Amino acid sequence: MKRHFESGSKGARTWQARLVLGMSLVLAAGCPREERPEATRQAAQEVRSPAATKTPRDILLVTLDTARADHFGHAGSDVATPNIDALAREGVAFLQAVAPTPTTLPSHSSLMTGRIPPQHGVRTNGTFKLGEEEETLAERLKAAGWKTGAFVAASVLDRKYGLDQGFDAYDDDVGIAGGSGLFQYPRRDGRVVVERALTWLGAQAETQPTFVWVHLFDAHAPYEAPEPERSRYPGRPYAAGIAYVDRVVGELVAGYRRLGRYDRAAMVITSDHGESLGEHGEATHSVFIYDATQRIPLVLRGPGLPGGRQVETQARLIDVMPTLLALAGLEVPARVRGRDLRGLIEGSDQEEPAYIESWVPRLQYGWHELTGLRTGGWKLISGSEDELYDLKGDPREKENLFSVQKEKGEKLRGLLGKLTRAPAGEEAALELDPGTREELGALGYIWVDMSQVQEKPDAPLLDPRVGIVIQGRMDRADGLYTAGRREQAFELYRAVLAENPANDFAARRFGDLLVLSRGCEEAVKVYDRLLARAGSEDARGALLNLGRCFRSSGSPDRAMRWIERAAEAFPDDREVRQERWLILRATGRDAVVAREARAAVGEDALDGAAQAEVALAILTEEGEAAMVAYLESALEKAPESTELHFLVATHFLKAGRLPEADAAYRKVLALKADHEGALISLGRMLLDANRIAEAHALLEVQEGSPLATAKVLAQLAEAKARSNRLEDAVPVAKRAVDIDPGSVEAWRALGSIQLNRGAVSEAIAAYERALALAPKDETTRANLATARKFAAGAKASGR
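What you are looking at is a predicted structure, and each value in this text was computed from that prediction instead of being measured.

K.L.:
Can you lay out the side chain of glutamate 387 for me, pointing to particular residues and giving the numbers?
P.N.:
Looking at the element boundaries, glutamate 387 is found in strand β17 (residues 387-390). A distance of 2.7 Å separates polar atoms of two side chains, one belonging to glutamate 387 and the other to tyrosine 290. If sequence neighbours within four positions are ignored, glutamate 387 has contacts with Tyr290, Lys379, Leu380, Ile381, Asn400, Phe402 and Arg465.

K.L.:
I'd love a proper account of the state of the cysteines, names of residues and values included.
P.N.:
Enumeration according to the criterion identifies one disulfide in this entry. The residue that forms a disulfide with cysteine 520 is cysteine 549, at a sulfur-sulfur distance of 2.1 Å. Around the S-S axis, the bridge from cysteine 520 to cysteine 549 shows a dihedral of about -90 degrees and counts as left-handed. Note that cysteine 520 is positioned in helix α18 (residues 520-526) and cysteine 549 in helix α20 (residues 537-552), a separation of 29 residues in sequence.

K.L.:
Outline the packing of aromatic side chains, listing residues and values.
P.N.:
The geometry of an aromatic ring pair comes down to the distance between the two centres and the angle between the two planes. Using the criterion set out here, one finds 13 aromatic pairs in the structure. Here the aromatic rings of tyrosine 493 and phenylalanine 510 are separated by 5.6 Å at their centres, their planes lie at 10 degrees, and the arrangement is stacked. Separated by 17 residues along the polypeptide, tyrosine 493 in helix α16 (residues 486-499) and phenylalanine 510 in helix α17 (residues 504-516) bring together distant segments of the chain. Considered together, tyrosine 493 and phenylalanine 510 belong to a single accessibility category, that of buried residues.

K.L.:
So what's going on with the pairing of strand β6 (residues 147-151)? Residues and values would help.
P.N.:
Counting buried positions over the five residues of β6 gives four, a clear majority of the element. As defined by bridge partners, β6 adjoins strand β8 (residues 210-216) across five bridges and the pair is classed as parallel. If you follow alanine 150 over to β8, its bridge partner there is tryptophan 213. As paired elements, β6 and strand β7 (residues 169-171) share three bridges and run parallel to each other. Residue pairing in the sheet places alanine 150 in a bridge with tyrosine 170 of β7.

K.L.:
Before we move on, can you summarise helix α32 (residues 744-757) with the specific residues and values?
P.N.:
Here α32 is 14 residues long and its end C-alpha atoms lie 20 Å apart, about the 20 Å a rise of 1.5 Å per residue gives. For α32, the set of buried residues is Val744, Ala746, Trp747, Ala749, Leu750, Gly751, Ile753, Gln754 and Leu755. Downstream of α32 by a residue or two, glycine 758 has a phi angle that is positive, lying close to 90 degrees.

K.L.:
Could you give me a rundown of unusual backbone geometry, with the residues and numbers involved?
P.N.:
Note: most residues except glycine have negative phi, and most peptide bonds are trans. For the bond from alanine 221 to proline 222, the omega torsion is 20 degrees, close enough to zero to count as cis. The residue proline 222 is located in the loop between β8 and α7 (229-232) in this model. Cis peptide bonds are those with omega within 30 degrees of zero, and the linkage from glutamate 227 to proline 228 qualifies with 5 degrees. Its place among the elements puts proline 228 in the loop between β8 and α7. With a phi angle near 60 degrees, asparagine 724 is a residue other than glycine that sits in the positive phi range. Along the chain, the position of asparagine 724 falls in the loop between α30 (710-722) and α31 (726-739). Classification of asparagine 724 by relative accessible area gives exposed; the value is 71%.

K.L.:
Please give an account of helix α29 (residues 692-699) that cites residues and values.
P.N.:
For α29, the full list of buried residues reads Ile692, Ala695, His696, Leu698 and Leu699. The arc that holds every buried residue of α29, seen down its axis, measures 160 degrees, which confines them to one face. For α29, the elements touching its buried residues are α27 (658-671), α28 (676-688) and α30.

K.L.:
An account of the pairing of β17 is requested, with residue identities and associated values reported.
P.N.:
The sheet contact formed by strand β16 (residues 378-382) and β17 spans four bridges and is antiparallel. Counterpart to leucine 380 in the pairing with β17 is leucine 388. Adjacent in sequence and paired antiparallel, β16 and β17 are bridged by four residues.

K.L.:
I'd love a proper account of the nonpolar core, names of residues and values included.
P.N.:
With 116 residues, the main nonpolar core has Tyr527, Leu546, Leu631 and Tyr665 as its most contacted residues. Looking at this core element by element, the count peaks at eight residues for α30. Apart from residues no more than four positions distant in its own chain, tyrosine 527 is found in contact with Ala507, Arg508, Gly511, Asp512, Val515, Ala542, Asn545 and Leu546. Formed by 95 residues, the second largest nonpolar core is a distinct cluster that contains Leu137, Val156, Leu216 and Ala221.

K.L.:
Outline the environment of leucine 60, listing residues and values.
P.N.:
Along the chain, the position of leucine 60 falls in strand β3 (residues 58-64). Along the sequence, leucine 60 and valine 268 sit 208 residues apart, while their C-alpha atoms lie 6.2 Å from each other. If we skip the residues at most four places from it in the chain, leucine 60 touches Val212, Val214, Leu252, Tyr256, Ala266, Met267 and Val268.

K.L.:
Could you give an account of the packing of α29 against α30, with specific residues and numbers?
P.N.:
Axis separation between α29 and α30 bottoms out at 9 Å; the angle between their running directions is 140 degrees. The handedness of the crossing between α29 and α30 comes out as left-handed. Two secondary-structure elements touch here, α29 through Ile692, His696 and Leu699 and α30 through Val712, Gln715, Leu716, Ala719, Lys720 and Arg722. A class-by-class count of the residues in the contact of α29 with α30 yields five nonpolar, two polar and two charged.

K.L.:
Lay out the pattern of salt bridges with the relevant residues and their values.
P.N.:
Should the charged atoms of two oppositely charged side chains come close, the side chains can pair. Taken as a whole and judged by the stated rule, the model has 58 salt bridges. In this structure, arginine 465 engages glutamate 387 in a salt bridge whose closest nitrogen and oxygen atoms are separated by 3.8 Å. In this pair, arginine 465 is assigned in helix α15 (residues 464-482) and glutamate 387 in strand β17, connecting sequence segments 78 residues apart. Classification of arginine 465 by relative accessible area gives partly exposed; the value is 29%. A salt bridge links arginine 508 to aspartate 512; its shortest N-O distance comes to 3.0 Å.

K.L.:
A description of the sheet that holds strand β4 (residues 92-94) should follow, citing residues and the corresponding values.
P.N.:
The strand order across the open sheet formed by eight strands is β7-β6-β8-β3-β9-β11-β4-β12, and the pairing between neighbours is mixed. Edge strands, defined here as strands with exactly one partner in the open sheet, are β7 and β12 (309-311). Averaged over all neighbouring strand pairs, the angle between strand axes comes to 10 degrees, with direction disregarded. Helix-sheet contacts for helix α6 (residues 190-202) involve β6, β7 and β8, and the interaxial angle to β8 is about 170 degrees.

K.L.:
Outline the sheet that holds β17, supporting the account with residue identities and numerical values.
P.N.:
Adjacent strands of a sheet form backbone hydrogen bonds with each other and so pair up, either parallel or antiparallel. Strand order in the open sheet formed by four strands is β14-β15-β16-β17, and the pairing between neighbours is antiparallel. The outermost strands of the open sheet, each flanked by one partner alone, are β14 (354-358) and β17. Neighbour to neighbour, the strand axes of the sheet diverge by 15 degrees on average, direction disregarded. Relative to strand β15 (residues 370-375), β14 runs antiparallel, the two being bridged by five bridges. Following the sheet pairing, isoleucine 356 is matched in β15 by glycine 372.

K.L.:
Run through the side chain of glutamate 613, naming residues and quoting values.
P.N.:
Relative to the assigned elements, glutamate 613 resides in helix α24 (residues 608-622). According to the relative accessible area criterion, glutamate 613 is buried, its value standing at 5%. Dropping the residues within four chain positions of it, glutamate 613 is found in contact with Trp581, Arg585, Val593 and Ala597.

K.L.:
So what's going on with the packing of helix α26 (residues 642-654) against α27? Residues and values would help.
P.N.:
Contact pair α26 / α27: the axes reach a minimum separation of 8 Å and the direction vectors enclose 160 degrees. Between α26 and α27, the crossing angle belongs to the class labelled roughly antiparallel. As α26 packs across α27, the resulting crossing turns out to be left-handed. Residue-level contacts link Thr642, His645, Phe646, Ala649, Thr650, Phe652 and Leu653 of α26 to Leu658, Glu660, Ala661, Ala664, Tyr665, Lys667, Val668 and Leu671 of α27. Partitioned by chemical class, the residues of the contact of α26 with α27 number 10 nonpolar, three polar and two charged.

K.L.:
Can you lay out the environment of alanine 736 for me, pointing to particular residues and giving the numbers?
P.N.:
Locating alanine 736 in the fold gives a position in helix α31. Distance from alanine 736 to alanine 714, taken between C-alpha atoms, is 6.0 Å for residues 22 residues apart in sequence.

Conventions used here
Residues numbered from 1 in each chain as written. Predicted model: local features only at pLDDT ≥ 70, side-chain atom pairs only at ≥ 80, totals over all residues. Heavy atoms only, no water. Helix = DSSP H or I, 4+ residues; strand = E, 2+ residues; numbered from the N terminus. Polar contact = N/O pair within 3.5 Å; in protein donor to acceptor, adjacent residues only side chain to side chain. Contact = heavy atoms within 4.5 Å. Disulfide = S-S within 2.5 Å. Phe/Tyr/Trp six-rings, centres within 6.5 Å; stacked < 30°, edge-to-face > 60°. Buried < 20%, exposed > 50% of the residue type's maximum accessible area, 1.4 Å probe, protein only. Pairing = 2+ DSSP bridges. Expected span 1.5 Å × (residues − 1). Arc of directions from axis to C-beta. Core = buried A, V, L, I, M, F, W, Y, C linked by side-chain atoms within 4.5 Å. Axes fitted to C-alpha atoms, helices over the stretch in contact; angles between N-to-C directions. Left-handed = near helix turned anticlockwise from the far one by under 90°. Nonpolar A, V, L, I, M, F, W, Y, C, P; charged D, E, K, R; others polar. Salt bridge = Lys/Arg side-chain N within 4 Å of Asp/Glu carboxyl O. Parallel < 35°, antiparallel > 145°, perpendicular 65-115°, else oblique.

Encoded structure:
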């Protein structure tokens, strides 16, 4: 597990603020679409295609999260995907590949085991983990002598969910989300993932067989692809994300060539699910199981496979695992439901039915679950009402033919019943670690207490086709909140909960919004149902949020009451413990914090938050020299600890030793380029020293990053403004407040930029937002007074 909590400066004054990890990325130019005559392409393909008699030395599995099948060039799309299309020309493209679920963890579990969800038991994100009794692709390859490495881009695939089974290296260091996590996504850019994967691969012996899994999250909402892809697809942000993912895949493939591993590598490009993009009223994915989310790309190339084939026969994601094992010359476990796809490639096999399900409607919203079957060009969906679609004549699944083709529908329903009944696996419920509930909320998921789910509900459950309208209202409420129209957002959530009181997701999201707005009392009422489940993760999240809310609003005693409840239910939770320490410090009980921090360090010497508190205690008790000695000793034990290097940098900054602080912050960034605390502290230091060009160079890589944080963008906007680039600064500052409407720094930066542009009314509005968030902030108050003086002067002069 690689979850980090940093302690360091806020500005350059306090050492107690919890810092949030962001992402700093250098984004390279895009890859142009390859333009060559068809004959030349075919000739090149024949030269590059590995001989069918060879066995792969390496296997590369790339999963493109949230990738629709119809957004790739080889499938007829106008989206430029030259790198993946090149692999399709060298190998085999399955044009009717099907995922078993529209959610990430269950689909990846099926991919890695070759089994459907009723077998492996993973039904949604967050609540479940893959059981140790399951045998994964990585475990099979590792047992045969392969080195195995996984590199994932989002916390939804954290190792706690069981997919690390069989991997020598499982790199899931994607950072953490701050606050409630509502407006920040615990994810990392694909180029960072690829860099980590290639670094690991390069360290392996040249003759060592390797299995590498790379997971890319860049096509997932909120669709913030960098340039140049963003400009190439105006009004089509999802298409831009797919194009960017293709660029990243190109860099990964180039790395394999550079390392001399390309020719002997079997490569698979596929996805866990697609994206609805508004079809059937669903904006993204996870509720419905129509083809918009279930048809996925699937490309295989490498030794043992022919080149230049397109297969129209249905393939399934569960078929990938047995195919790769067969290519590697290994036995396929008897429990595997999937099959070797080479029979389909050769035309000797017929298609197999594809099982599909979504339990998200039931477990997240209290609606009816969906199960389905796709076979012979037909799709059955079983829910509140059965649906039957002719996929050849109606590929968009608009006309339900169940009443017209009842015999066919009943036959498919009988087959579906057999698939869901046997052989069934045991569902493995997961007790989540600190911070996970907030991370899942950022991704649009909610932890589910399975004890609350009745096998046979007391009353009919809501049809998801009706429920999707409610989900649309929640999305609209979130948009209104982000746009600053909070009361309208709140009223919409109240209406949703009145109509759908079993909707725990809406209750949690509404409570989170209230907490962000410091509506602590109302949040208590909204969280009421969740708080009743004393030991659930929903209760933990609500208690933690209420503690933060009351502490931030100046009521530490009330904050402590909520946090003590959380500590009682979750005694080993570090995030709860850290919030408790912040409240204790706010009430002058530093000695208690110091005592508890020393005990925590005794249990875990690499606990960064506890190390910070111990260092503070030593500074108070013994002085600066003793604290420095403590940090030096700690660094000898953990020379690559970003937390400790950050503490050293903060000490140098506080002591006015700016060159040493500069070097120490850069050391932190060398170890972890996405360390928001180091970026902000170093950026502020450079800005205060009037080293504007250096500050701009440090921060500008965030401008096109989909993971840029509000605080970093606020500083970048300031750097642009102080470089006399006011017009360029405005959109950066606006993006900062869009990312986090609760960021005082972002609103204040926007106000100052607007004031310097002469847009006085806009400046006043921004400063008023900042002051509403932080009523005691004297800097904002002074800036607002200045802006109002300008406005009064302009009015008096008649301008």
